[in-house]
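Single-letter residue listing:
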Amino acid sequence: MLLVILAIYFILPLWWLLVSATKSTSSLFSSAPLWFDSPADFITNVQGLFTHQGGIYWTWLGNSFLYAFAGGFGATILAILAGYGFAKYRFRGRGFTFGLILGSVMVPLTALVVPTFLLLSNVNLINTMWAVILPSLLSPFGVYLMRVYTQDAVPDEMLEAARIDGSGEFRTFFRIALPMLKPAVVTVLLLSVVATWNNFFLPLAMLSDPELLPVTVGLNNWTKLSNAGAGGEQVWNLITSGAFISVIPLLLSFLFLQRYWQGGLAIGSVK
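Residues numbered from 1 in each chain as written. Predicted model: local features only at pLDDT ≥ 70, side-chain atom pairs only at ≥ 80, totals over all residues. Heavy atoms only, no water.

### Some points on helix 1 (residues 2-20)
Part 1 of the reasoning: Its 19 residues place the ends of helix 1 27 Å apart at the C-alpha level, agreeing with the 27 Å of an ideal helix rising 1.5 Å per residue.
Part 2 of the reasoning: Taking the largest bend as the criterion, helix 1 deviates by roughly 35 degrees, centred on Ile11, and proline Pro13 comes between one and four positions later.
Part 3 of the reasoning: Among the residues of helix 1, Leu17, Val19 and Ser20 are the ones counted as buried.
Part 4 of the reasoning: For helix 1, the secondary structure elements touched by its buried residues are helix 2 (25-30) and helix 14 (236-257). (Helix = DSSP H or I, 4+ residues; strand = E, 2+ residues; numbered from the N terminus. Expected span 1.5 Å × (residues − 1). Bend = angle between axes of the 7 residues up to and from the residue. Buried < 20%, exposed > 50% of the residue type's maximum accessible area, 1.4 Å probe, protein only. Contact = heavy atoms within 4.5 Å.)

Structure, rendered in structure tokens:
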């Protein structure tokens, strides 16, 4: 019973978003909030996204794809290399350095936005795509997860056997270790992509050019416009439809990549 209640609790906002995406602005405030009014309005809303402000919504959506995949893939690559290095190599200061990385997990990302803004402004990267991509490459939790998983999933004996057979460090990593890390790699990738896709405060602080905004900040601008009341343009139907479309790529990513998790994150826990 508790699981059913929790499932409803998490599904209900997504259901509301689906229902709201099929309504006009007037029916959003007059019809039943959790049921369809005129599903055909969804096509009208999508057509409105193509025409409103020159179809800038699709530019925002493309920017979100760019930021999410550039930042997500970059953060995943760095997390894999760092986590593997911390797990399988012994070097001076390893414990202290990993402690710093682990401690940085406790720091809220929003607290780093202002220092990051000042740092990037010194190198003239404010209001560029790099102002969003570069900070997104850092994933302390991803490094922690990769290190913990690598310690159990990749036996030291297997690496030593490969070295004895004459395999170099790079070949050992790519041919032996990396295939065994696939579940953790997918996990870190998805977490990084979702975090960058949903990021709001960082691009809000770094970007002022409407053509560079991600979909989160762009829809927020439309919300402020609609909240202006009689002095602004009411585009609530476009906001709900745009928000629904923006979550579809994330849902598809989880659905198609979940097979890599099944049984994968338990590898190495039982010997």
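### Digging into unusual backbone geometry
Part 1 of the reasoning: Non-glycine residue Asn124 carries a positive phi angle of around 60 degrees.
Part 2 of the reasoning: When you line up the elements, Asn124 lands in the loop between helix 6 (113-121) and helix 7 (130-136).
Part 3 of the reasoning: Non-glycine residue Asn127 carries a positive phi angle of around 65 degrees.
Part 4 of the reasoning: Looking at the element boundaries, Asn127 is found in the loop between helix 6 and helix 7.
Part 5 of the reasoning: Overall, Asn127 belongs to the partly exposed group, its relative accessible area being 27%.

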